[in-house]
Amino acid sequence: MQTTTQTRTGYDAIVVGVRVAGAATAMLLARAGLRVLALERSAPGRDALSTHALMRPGVLQLHRWGLLDRIRAAGTPAIRTTTFHYDAEAIEIAIQPREGVDALYAPRRTVIDAIMADAASEAGAEILHGARVVDLVRDERGGVAGVTYEDATGSTRRARAAIVIGADGLRSTVASRVGAPLVAAGRHATAVIYGYWRGLGLEGTHWYYAPGASAGAIPTNDGETCVFVSVPASRYAEARAAGPGALFEKGLAEANGDLALRVAGGERSGVLHAFPGQPGYLRRSWGRGWALVGDAGFFKDPLTAHGMTDGLRDAELLARAVVRGGARALRDYQRQRDGLAREMLEITDEVASFAWEMDDLKRLHHRLSRHMAREQELLAGFGAGRDVRRALESAA
């Protein structure tokens, strides 16, 4: 194993993590003319735990960035209806065309992560896979000035930049090294078990709710449907004792008998995936020489399926702040992000509590819909989005 240390200089930004949020941030910064190094510890094409669903604001961004056609070309099916099942009551909602978005999409992470990373590379960002950040470089005043990382060959390297952006997920090395404090935290968490099926005979997305259990059916790539079951995290011990399959079957039957029958008659592709649960949080998003985006800075329970959508939104908010430059711009990023994220965290935490009656849950979903409308309005106002710097100059 090589252990020599080499120093690379001259980057405007280093992005740690090249999944959805990190790749989008790197792409937008590179499109704005910044020199960007993006480091990803996993190999290209590696899958990730995900609900896959993109809500309208996220689809709008991909459309504005010129990437939605790639999502379609990868065989991601258009979703034109979404149905909420409250016990025996089913409410179907058609996706209305608006601002260039006439359908929703739920790409596999192997699809969207690769598309976003390719777009970042095409914009000029330097992408390194198999690169594990082990520490941060500090300047003489203690601010962050770069990273130390091991590359795919095992060599230790050091890279310096004006800002280091942590987009490295729940267990963010960047957030840990800078000691990013929590500014808000959820109290509830759900365990999620999911897999992929063919032959379910469903159109659009379906979300099922019952006392103590929830489920979803989300059409994704390769003609498959992602089916998930969500239960209070305290029940995850059942999965350890009997295996995730037993909890999946039990939770699915509790959430909706019809879906359970469809799944039993369908064809599963691959194994089940399990997430034991994690209460949501909102971390301080910036400091001297660093910033956070995606799950590194804001995570909420996956039950509302907004993780990728929020990650794309915050990537654009942060990229615009970095292009503007200075502490004031980063403070504005946190203020704007927190103004949107706090309500999302609150709504999601209440849904994840399972301490609701159906009428309460419907009210929470109406709040969620109004929240997404505000996000949509904000993001639509950013314009085409292909050139962040030009968009900022136009807005000034």
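In what follows, the structure referred to is the one given above.
Parameters and conventions
- Residues numbered from 1 in each chain as written.
- Predicted model: local features only at pLDDT ≥ 70, side-chain atom pairs only at ≥ 80, totals over all residues.
- Heavy atoms only, no water.
- Pairing = 2+ DSSP bridges.
- Helix = DSSP H or I, 4+ residues; strand = E, 2+ residues; numbered from the N terminus.
- Buried < 20%, exposed > 50% of the residue type's maximum accessible area, 1.4 Å probe, protein only.
- Polar contact = N/O pair within 3.5 Å; in protein donor to acceptor, adjacent residues only side chain to side chain.
- Contact = heavy atoms within 4.5 Å.
- Core = buried A, V, L, I, M, F, W, Y, C linked by side-chain atoms within 4.5 Å.

The side chains of a regular strand alternate, first on one face of the sheet and then on the other. Relative to strand β4 (residues 89-94), strand β3 (residues 81-86) runs antiparallel, the two being bridged by six bridges. Residue Thr81 lies in a different strand from β4, and its bridge partner there is Ala94. Between β3 and β4, which pair antiparallel and follow one another directly, the connecting turn spans two residues, one of which, Asp87, has a positive phi of 55 degrees.

Positive phi values are uncommon outside glycine, yet Glu99 reaches one of about 55 degrees. By secondary structure assignment, the location of Glu99 is in the loop between β4 and α4 (109-123). For Glu99, a relative accessible area of 41% puts it in the partly exposed group. For Phe354, which is not glycine, the phi torsion reads 60 degrees and is therefore positive. Structurally, Phe354 is set in the loop between α10 (327-353) and α11 (358-380).

Its location among the elements puts Asn256 in the loop between α7 (244-255) and α8 (257-265). Its relative accessible area of 12% is what places Asn256 among the buried residues. A distance of 3.1 Å separates a polar atom in the side chain of Asn256 from the backbone nitrogen of Asp258. Each residue touching Asn256, except ones within four places of it in the same chain, is listed here: Asp87 and Tyr208.

Counting residues in each nonpolar core, the largest one holds 92 residues, and the members touching the most others are Leu29, Leu62, Trp65, Met116, Ile165 and Trp207. Beyond its immediate chain neighbours, meaning those up to four positions away, Leu62 contacts Leu54, Leu67, Leu68, Ile71, Ile112, Met116 and Leu312.

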